[in-house]
Amino acid sequence: MRKFAIGTAVSGALALSALAVPSASAATPDLTFSKVVVNSGKAIVVGTTSTVKVPITYTLTRPADLVIDYKTSAAGIMLYRGASLSKIYNEMEPGDVPTCTATTTTATTVTESCTEVIALDPQDYLYEAADATTWKAAGFYGRTSQDNDASDGHISTEYGFDLWGPLGSVQVKRAAKLTTNATPEPVKKGRTLTVKGALTRADWDTTTYTGYTGRPVALQFKAKGATAYKTVKTVTSGARGALTTTVKASADGSYRYKFAGTTTTGAATSTGDYVDVK
């Protein structure tokens, strides 16, 4: 929550296991987070530089007398990677105040429908291949109080932080890229075409795309005038993600490679390479 005034209390706190604040449990409010949906239920696919905006919707029920002002207190959903709430290896939080609308109000509680966005900059949040895995959602509540009046020779700052979870999960994947180049062009009918390409994926440690080897990739062809591609054969990516195969030139049309993706890497489709068959 880098843009919240309370951000200094909670941003990065999980990575440092700041849940050990002695007085935190005494001030824990009765909050309930439910119906958490991350990224509309789809995997989060992240490259090396572009920020990915991850929407999260949820329902929050809080005491009617609890004021969350996002200056001295904040609540919302964060994502974490780890064995448990007490063993978190990486985390990401929203940077702005969520939008909440009250749906039910009683004498003691208020239930709100909330939406927030995590702006996922890979250079800020993702550091290694291990981050391409299942992340879990947790509800958080953070608060801080300060006494900056130094006239009595004393100042103080107190932080508190609570987590509830897991409240759901989402897959974070490395973005993939594909290229296709068919040669020679043009080609005589019946002659051999060589179709080369490369399958690469995001490396968050080096902020580059590196070869993805040993993966099945479909070579597809769309004849001139056709509306859809059809798979011709499956090619396995080699060293540095290299792809190469041959086909017989039969008709004008476009060739492309298509990768279905894995549990750690997103799907990718190359741009079609049109071949004129004489």
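Throughout what follows, the structure given in this document is the object of discussion. (Residues numbered from 1 in each chain as written. Predicted model: local features only at pLDDT ≥ 70, side-chain atom pairs only at ≥ 80, totals over all residues. Heavy atoms only, no water.)

A count of helical and extended segments in the chain gives 2 helices and 19 strands. C-alpha extents for the chain along the principal axes are approximately 90 × 40 × 30 Å. Counting all 278 residues of the chain, 43% fall into the buried class. Across the chain, contacts joining residues at least 24 apart in sequence account for 68% of those joining residues at least 6 apart. Summed over its atoms, the accessible surface of the chain is roughly 14,000 Å², and 50% of this surface lies on carbon and sulfur atoms. Considering the chain, the positive charge centre built from 29 side chains and the negative charge centre built from 23 side chains are found 22 Å apart. (Helix = DSSP H or I, 4+ residues; strand = E, 2+ residues; numbered from the N terminus. Buried < 20%, exposed > 50% of the residue type's maximum accessible area, 1.4 Å probe, protein only. Contact = heavy atoms within 4.5 Å. Areas by Shrake-Rupley, 256 points an atom, 1.4 Å probe, with all protein chains shown as cover. Lys, Arg positive; Asp, Glu negative; His and termini not counted. Charge placed at Lys NZ, Arg CZ, Asp CG, Glu CD.)

Take the pairing of strand S4 (residues 73-84) next. Burial analysis of S4 places 10 of its 12 residues in the buried class, the great majority of the element. Of the strand pairs in this sheet, S4 and strand S8 (residues 134-147) are connected by 8 bridges, and their pairing is antiparallel. Counted as the bridge partner of Ala75 is Tyr141 from S8. Taken together, the 5 bridges between S4 and strand S5 (residues 87-92) define a ladder with antiparallel strand orientation. Paired with Ser84 across the two strands is Lys87, which belongs to S5. (Pairing = 2+ DSSP bridges.)

With that out of the way, let us pick up unusual backbone geometry. The peptide bond linking Thr183 to Pro184 adopts the cis configuration, its omega dihedral lying at 0°. In this structure, Pro184 sits in the loop between strand S11 (176-183) and strand S12 (192-203). Cis rather than trans, the peptide bond between Glu185 and Pro186 has omega equal to -10°. At Ser40, a position not held by glycine, the phi torsion is positive, near 60°.

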